[in-house]
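Chain and residue survey
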Amino acid sequence: YECSEQTMNRFLSAGIVGSVFRDHPAVASMAKKLAARTTPLETWDAVDPNRKLALEETPWLLDAKGGQRPGADDEWLNLLDPRVVKAERESALLKLQKLQTAGGGFPWFPGGYPSEYLTVYLLSGFAKASEFQVEVPRDMIVRAWRYVATEYRGDLKRCMALEGCFELVTFINYVASSFPDDGWLGGAFTAAERTEMLDYSFKHW
């Protein structure tokens, strides 16, 4: 559906695959050879005519011929090509950059209102990508944290006063701790606020 969540998942998965190719050249070389194949599976050629006849009478004939041909819903095959992985990651990142609102939040779909939950979800994807040394846009992340902090001090604080929203508050603090250091938050939260979130999470354990 080209929503923000799926776009992040494409960016993250392509980034992780790309990091494997980067860190293990032998895997990248093997993947490049596999990507050159025109079918997702190896073909199975049986020389025995009886076996071939039996095979043709089975529902697995298409798989035995290597699977569907390109263009028949098997475009995942190209993700074995390091160039395709890089292009997919860059395309997804560009879409995410266009989705981010002026206030730093992310909507589910282009043109929609930003969502606190979805913004934190995307931040968790960027944090996970950074674990694999995938290049992530620090400026986008800092702006997103500022949006989350503004929402925390407004709607979320009101929700917390009614003993609600503890799942989202816990998720925010967890994701904040998932980045390599507090610099990625751009000073969006004070140490006191982070402690307040942690205490609130334990209160609703």
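Residues numbered from 1 in each chain as written. Predicted model: local features only at pLDDT ≥ 70, side-chain atom pairs only at ≥ 80, totals over all residues. Heavy atoms only, no water.

**A closer look at helix α7 (residues 138-161)**
Taking 1.5 Å of rise per residue, 24 residues should cover 34 Å, and α7 covers 32 Å from first to last C-alpha, within 8% of that figure. Bending of α7 peaks at approximately 45 degrees at the position of Tyr-152. Just past α7, the residue Glu-163 takes up positive phi, approximately 60 degrees. (Helix = DSSP H or I, 4+ residues; strand = E, 2+ residues; numbered from the N terminus. Expected span 1.5 Å × (residues − 1). Bend = angle between axes of the 7 residues up to and from the residue.)

**Some points on the pattern of salt bridges**
In total, this model carries 10 salt bridges according to the counting rule given. Between Asp-81 and Arg-83 there is a salt bridge, and its shortest N-O distance comes to 2.9 Å. Judged by relative accessible area, which is 61%, Arg-83 ranks as exposed. Here Lys-203 and Glu-163 are joined by a salt bridge, their closest N and O atoms 3.0 Å apart. Of this pair, Lys-203 sits in helix α9 (residues 191-203) while Glu-163 sits in the loop between α7 and α8 (166-176), and the two are 40 residues apart along the sequence. The exposure class assigned to Lys-203 is exposed, which follows from its relative accessible area of 55%. (Salt bridge = Lys/Arg side-chain N within 4 Å of Asp/Glu carboxyl O. Buried < 20%, exposed > 50% of the residue type's maximum accessible area, 1.4 Å probe, protein only.)

**A word on a nonpolar patch on the surface**
On the surface, Tyr-1, Trp-108, Phe-109 and Tyr-117 cluster together into a nonpolar patch covering about 510 Å² of accessible area. Relative to the elements of secondary structure, Tyr-117 occurs in helix α6 (residues 116-131). (Patch = residues over 30% accessible without salt bridge, like charges linked within 9 Å, V, L, I, M, F, W, Y side chains within 5 Å. Areas by Shrake-Rupley, 256 points an atom, 1.4 Å probe, with all protein chains shown as cover.)

**So, the packing of aromatic side chains**
Under the criterion given, the structure shown has 8 aromatic pairs. On the basis of an interplanar angle of 65 degrees and a centroid distance of 5.6 Å, the ring pair of Phe-11 and Phe-126 is categorised as edge-to-face. You can see Phe-11 sitting in helix α1 (residues 4-23) and its partner Phe-126 sitting in helix α6, a full 115 residues away along the chain. With relative accessibility at 1%, the residue Phe-11 sits in the buried group. We classify Phe-126 as buried; its relative accessible area is 2%. Ring geometry for Tyr-117 versus Tyr-121: centroids 6.3 Å apart, planes at 35 degrees, classification tilted. Separated by 4 residues within a single helix, Tyr-117 and Tyr-121 lie in helix α6, roughly one turn from each other. (Phe/Tyr/Trp six-rings, centres within 6.5 Å; stacked < 30°, edge-to-face > 60°.)

**Quick notes on the packing of α7 against α9**
Running from N to C, α7 and α9 cross one another at 25 degrees; their axes reach a closest spacing of 13 Å. What the angle tells us is that α7 and α9 run roughly parallel. Where α7 crosses over α9, the two elements pack in a sense that is left-handed. In contact with Tyr-152, Arg-153, Lys-157, Cys-159 and Met-160 of α7, α9 contributes Glu-193, Glu-196, Met-197 and Tyr-200. Looking at side-chain class alone, the contact of α7 with α9 contains 5 nonpolar, no polar and 4 charged residues. (Axes fitted to C-alpha atoms, helices over the stretch in contact; angles between N-to-C directions. Parallel < 35°, antiparallel > 145°, perpendicular 65-115°, else oblique. Left-handed = near helix turned anticlockwise from the far one by under 90°. Contact = heavy atoms within 4.5 Å. Nonpolar A, V, L, I, M, F, W, Y, C, P; charged D, E, K, R; others polar.)

By themselves these figures say nothing about function.
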